[in-house]
Amino acid sequence: MSSIDIDIEPFLSWFQSHHGQVDTSSLGIRQFPASEGGRGAVALKDIPEGHVVFSIPRSLILSTRTCTLPARFGVDAWKALGLNQGWAGLILCMMWEAALGPGSKWATYFDILPRSFDTPMFWNADDLAELQGTSVVGKLGREQAAKDYGDKVVPAVRSRPDLFGSHDVETCYSLETYHLMGSRLLSRSFTLDKEDEEDQAPDVGNSSLGSAMDVDDTSPHNHSAPPSAAPPVNEEEEAEAEAEAEEAEEDGPEVVLVPLADMLNGRYNTENVRLFCEPDVLKMTAIKPIKEGDQIWNTYGDLPNCELLRVFGHVDYLPLPEGGHGNPGDIVEVRADLVVGIILEEYPALVGEDMAERIDWWLEEGGDDVFVIEYDLELPMAFTSFIRLILLRSEWEKAKEKARPPRPKADAQTLGILQKLLDRRIAQYPTTIRVRLLSFSLSLIFSH
């Protein structure tokens, strides 16, 4: 992410004038080298475990609940355009607040946000070609973002010139501005469970995949069950299902911007503070002693470099236990459709069998459609189980009868498919890194 060389004092004054509290004797903002994350927070003295370095009132969080736009637009009209689902509504709120200029409560906050990004979302085709074989390009979501903009934001802006002003449409509410605000949100947002406010859950950690820093809540409501593939039986049930989905969306985790908290950098396994939730305030609290002069690190969830690059535009380049440098959190993703394709190529007699039924059953049982091989080279059990489900009719019949996936048995036939699968996966990368990935796959095979 590009940094902004500006004076931070106006922001801190604004933050404190809106009842944010900062221990300025313990925390300072400084520019670190790019390898250390750029602008971030530094400990000005030794900070003990449990010390609150700053706190943010919930009223200062920017969300669709604290922004007045949804109420002014009309709740029913807002929902009719689907602005209550996904990120489009919050991005529109951000665009609207920015268009207000000094009239916005968050104007000084917007002044310190990045004005441009060098994440893959904004790369040209030649640069994106360098990411061939990774999962980055398929997850950029530029086309879906443009669709949400056209389907939701444009109709909303055009329907209410009294709110958005016709002269601002080409600048403040353009697709380019939508992408900019979306990247700000992706790279800086927190995900807060709405139940935290009601249940007064004490702990809100920060990690990331969906947004920059998700709530790390260990309660059951934070782990969604896999969606069912079965269609509603009739129109009445379909309406009920839609109402339940809408209710779940409204009651589920909320993506928000948290001023000051989003200034902290993150790096693999370096977290020394964490955000804790109270009914009216969020507190950034030291979870271990921090020495004077050390950077104050939040966590982005120990993400692999593919996600760090996609979301933030940087990668972690750290000493590795076995030597060299890289990111211990790196992964390789293998799509389930690649598994099916390899099996059907090797065993053409299976073509025409009940593959669709097997795949639907796997997904309905909560199985993954992408398998993740982590840096420790451990073969995911679900990976082997899925191969056997698709490869062997006997395993499929037993799975249906017992209502559970096949045992992850790595016999010669399964490992043969696995070897061909990894060879094919390696071939998806440019040749400049094939040798390293070949070593990776062979180590995986022989370790099993």
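For the structure itself, consult the block above.
Within any chain, residue numbers begin from 1 and follow the written order of that chain's sequence. Reporting in this predicted model follows two pLDDT cut-offs: at least 70 for local features of residues, and 80 or more for side-chain atom pairs to be given and counted; totals over whole chains, interfaces and linings ignore these cut-offs and use all residues. With hydrogens and water set aside, each side-chain value is computed from the structure's full complement of heavy atoms.

### Examining the sheet that holds strand β4 (residues 52–57)
At least two bridges found by DSSP between two strands is the condition for calling them paired. Starting at the N terminus, helices and strands are each numbered in turn, a helix being any DSSP run of H or I of at least four residues and a strand any DSSP run of E of at least two. The strand order across the open sheet built from four strands is β1-β4-β11-β10, with neighbouring strands paired in antiparallel fashion. Of all the strands in the sheet, just β1 (21–22) and β10 (273–277) have a single pairing partner and so form its edges. Two strands pair when backbone bridges link them, and β10 and strand β11 (residues 281–286) are joined in this way by five bridges, in the antiparallel orientation. Among the inter-strand pairings, Arg274 is bridged to a residue of β11, identified as Thr285.

### A closer look at helix α15 (residues 355–364)
Buried within α15 are the following residues: Met355, Arg358, Trp361 and Trp362. The buried residues of α15 occupy an angular sector of 130 degrees when projected down its axis, which confines them to one face. Residues of α15 that are buried in the fold lie against α14 (336–346), β16 (370–374), α16 (381–391) and α17 (393–402). One or two positions beyond α15, positive phi appears at Gly366, with a value near 95 degrees. Buried, partly exposed and exposed residues are distinguished by accessible area as a fraction of the type maximum, computed with a 1.4 Å probe on protein chains only: under 20%, between the cut-offs, and over 50%, respectively. Taken from the helix axis, the directions to the C-beta atoms give the arc we talk about. By the convention used here, residues are in contact when the closest approach between their heavy atoms is within 4.5 Å.

### Some remarks on the packing of helix α4 (residues 88–100) against helix α10 (residues 175–188)
Orientation is described by axes fitted as lines to C-alpha atoms, over the contacting stretch for helices, and by angles from 0 to 180 degrees between their N-to-C directions. Between α4 and α10, the least distance of the axes is 9 Å, while the angle of their chain directions is 110 degrees. The orientation of α4 relative to α10 falls into the category roughly perpendicular. Where α4 abuts α10, its residues Ala88, Leu90, Ile91, Met94, Met95 and Ala98 lie against Thr177, Tyr178, Met181, Gly182, Arg184 and Leu185. Looking at the contact of α4 with α10 residue by residue, the classes come out as nine nonpolar, two polar and one charged. Small angles under 35 degrees read as roughly parallel and large ones over 145 as roughly antiparallel, with 65 to 115 read as roughly perpendicular and the rest as oblique. Three classes are used, and their members are as follows: Ala, Val, Leu, Ile, Met, Phe, Trp, Tyr, Cys and Pro are nonpolar, Asp, Glu, Lys and Arg are charged, and the others, Gly among them, are polar.

### What to know about the pairing of strand β12 (residues 295–298)
Residues in a regular strand project their side chains so that they alternate between the two faces of the sheet. In β12, alternate side chains face the same way, and those of Gln295 and Trp297 on one face and Ile296 and Asn298 on the other are all buried. Of the strand pairs in this sheet, strand β3 (residues 39–43) and β12 are connected by two bridges, and their pairing is antiparallel. Opposite Val42, over in β12, you have Gln295 as the bridge partner. Bridge analysis of strand β9 (residues 265–266) against β12 gives two bridges, and the strand direction is parallel. Considered in β12, the bridge of Asn265 is made with Trp297.

### A few points about the sheet that holds β12
Strand pairs in the sheet, formed through backbone hydrogen bonds, run parallel or antiparallel to each other. In space, the four strands of this open sheet follow the order β2-β3-β12-β9, with mixed pairing throughout. Each having just a single partner strand, β2 (27–31) and β9 make up the two edges of the open sheet.

### Looking at the pattern of salt bridges
Opposite charge on two side chains makes pairing possible when the charged atoms of those side chains draw close. Salt bridge, as used here, is a side-chain nitrogen of Lys or Arg placed within 4 Å of a carboxyl oxygen of Asp or Glu. For the structure on display, the rule yields 20 salt bridges. In this structure, the salt-bridge partner of Lys139 is Glu307, at a minimum N-O distance of 3.7 Å. Of this pair, Lys139 sits in the loop between α6 (125–129) and α7 (142–159) while Glu307 sits in helix α13 (residues 305–312), and the two are 168 residues apart along the sequence. Judged by its relative accessible area of 33%, Lys139 falls in the partly exposed class. A salt bridge links Lys398 to Glu395, with the nearest nitrogen and oxygen atoms 4.0 Å apart. Highlighted residues: Lys398 and Glu395, both in helix α17, separated by three residues, approximately one helical turn. With relative accessibility at 40%, the residue Lys398 sits in the partly exposed group. Several salt bridges share partner residues, and in doing so they unite Asp354, Arg358, Arg393, Glu397 and Lys400 into one network.

### Quick word on the packing of aromatic side chains
Centre distance within 6.5 Å is the pairing criterion for rings of Phe, Tyr and Trp, where only the six-membered ring of Trp is used; planes under 30 degrees apart are then read as stacked, over 60 as edge-to-face, and the remainder as tilted. One pass over the structure, following the stated rule, counts 15 aromatic pairs. Measuring from centroid to centroid gives 5.4 Å for Tyr149 and Tyr178, while their planes differ by 55 degrees, and the two rings are tilted. Of this pair, Tyr149 sits in helix α7 while Tyr178 sits in helix α10, and the two are 29 residues apart along the sequence. One aromatic cluster in this structure is built from Phe11, Trp14, Phe15, Tyr109 and Phe110. Sitting over the ring of Phe32, Arg30 keeps its end group 4.2 Å from the ring centre. Placement of a positive charge over a ring is assigned whenever Lys NZ or Arg CZ falls within 6 Å of the ring centre and within 35 degrees of the normal to the ring plane.

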